[in-house]
Amino acid sequence: MKILVIGASGTVGRAVASALAQRHEVLSAGREHGDYRVDITRDDSVEALFKATGPLDAIVSTAGALFFGPLGTMRPVDFEVGLQNKLLGQVRLALLGQHVLRDGGSITLTTGIVAEEPIRHGTNASAVNAAVEGFVKGAAIELLRGQRINAISPTLLTESQNAYGAVFPGFETVPAVRVAQAYVRSVEGAQTGRVYRVWQ
Ligand SMILES: NC(=O)c1ccc[n+]([C@@H]2O[C@H](COP(=O)([O-])OP(=O)(O)OC[C@H]3O[C@@H](n4cnc5c(N)ncnc54)[C@H](OP(=O)(O)O)[C@@H]3O)[C@@H](O)[C@H]2O)c1
């Protein structure tokens, strides 16, 4: 398969690209790194990306920023960070990407455990991750030509524990190589509209 991984330079994306590259042709994209440069917050940038890649068998997103901060001081502009980046950015990849996706192709987006297990300062993350999962469920029943869409919801990665462990007290971590297998399952499997939780 010809697979585009957006966010391939990140902690999650590196492991996903590496797992998929064992059996597939993987193209990488990111804001500053990768075979292709893209800003997922902009239609024109995403359209240019898909024009450059041409037809694909799978689109995988491991990109998307969120706002973390206390609810008491949060401003609407703070909340916009996750809406414009992780939510609309990934929705944009799916909406524009469906047209370059071959028959039977798949789209895999990234959410996260805080959709279901909230943490302090994580309201934006909880809301955005849940919204991405809603989009996946809705889109799955409307995609045409046998196309599929799933979401991967990882817990905190072991590799990210030093950076974010303090805000995830008592959460067990999973190694990136294990998280990557959920993406392989989404791309190579047959299911659609699923949220694969990687936290047990
Ligand atoms: N790490 C964890 O423990 C964890 C746990 C659960 C869920 N998640 C979710 O997994 C996703 C990836 O997390 P991560 O820790 O791997 O992040 P990361 O290490 O910061 O990597 C982010 C990746 O996304 C790309 N990117 C960021 N903004 C972009 C934009 N506007 N347009 C295009 N590409 C953009 C970056 O590209 P450049 O390098 O080229 O800038 C980079 O490749 C996030 O949605 C996060 O919420 C992570």
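In this text the structure is predicted, and so the values were computed from the model without any measurement.

A. Expanded view of the packing of helix α1 (residues 11–20) against helix α6 (residues 176–188). At their nearest, the axes of α1 and α6 sit 8 Å apart, and the two run at 55 degrees to each other. By the angle between their axes, α1 is oblique relative to α6. With respect to the hand of their crossing, α1 and α6 are arranged in right-handed fashion. Contact residues: Thr11, Val12, Ala15, Val16, Ala19 and Leu20 in α1; Ala176, Val177, Val179, Ala180, Gln181, Tyr183, Val184 and Val187 in α6. Partitioning the contact of α1 with α6 into residue classes produces 12 nonpolar, 2 polar and no charged.

B. Quick peek at the packing of aromatic side chains. Per the stated rule, a full pass over the model turns up 1 aromatic pair. For the pair phenylalanine 168 and phenylalanine 171, a centre-to-centre distance of 5.2 Å together with 85 degrees between the ring planes defines the contact as edge-to-face. With relative accessibility at 11%, the residue phenylalanine 168 sits in the buried group. Judged by its relative accessible area of 21%, phenylalanine 171 falls in the partly exposed class.

C. Summary view of the site of the ligand. Around the ligand, the structure places 26 residues, and the nearest of them are Ser9, Val12, Glu32, His33 and Leu157. In this structure, an oxygen atom belonging to the ligand sits 2.8 Å away from a main-chain N or O atom of valine 12. Between the ligand and the protein, one listed contact pairs an oxygen atom with a backbone N or O atom of glutamate 32 at 2.6 Å. Here the ligand loses 83% of its free accessible area of 900 Å² to cover by the protein chains. Among the cavities detected, the one that contains the ligand is the largest pocket.

About the cut-offs
Residues numbered from 1 in each chain as written. Predicted model: local features only at pLDDT ≥ 70, side-chain atom pairs only at ≥ 80, totals over all residues. Heavy atoms only, no water. Axes fitted to C-alpha atoms, helices over the stretch in contact; angles between N-to-C directions. Helix = DSSP H or I, 4+ residues; strand = E, 2+ residues; numbered from the N terminus. Parallel < 35°, antiparallel > 145°, perpendicular 65-115°, else oblique. Left-handed = near helix turned anticlockwise from the far one by under 90°. Contact = heavy atoms within 4.5 Å. Nonpolar A, V, L, I, M, F, W, Y, C, P; charged D, E, K, R; others polar. Phe/Tyr/Trp six-rings, centres within 6.5 Å; stacked < 30°, edge-to-face > 60°. Buried < 20%, exposed > 50% of the residue type's maximum accessible area, 1.4 Å probe, protein only. Near = heavy atom within 4 Å. Polar contact = N/O pair within 3.5 Å; in protein donor to acceptor, adjacent residues only side chain to side chain. Areas by Shrake-Rupley, 256 points an atom, 1.4 Å probe, with all protein chains shown as cover. 1 Å grid on protein atoms, 1.4 Å probe; cavity = no way out; pocket = protein on both sides within 12 Å on 5 of 7 lines; lining within 4 Å. Sits in = over half its atoms within 2 Å of the grid points.

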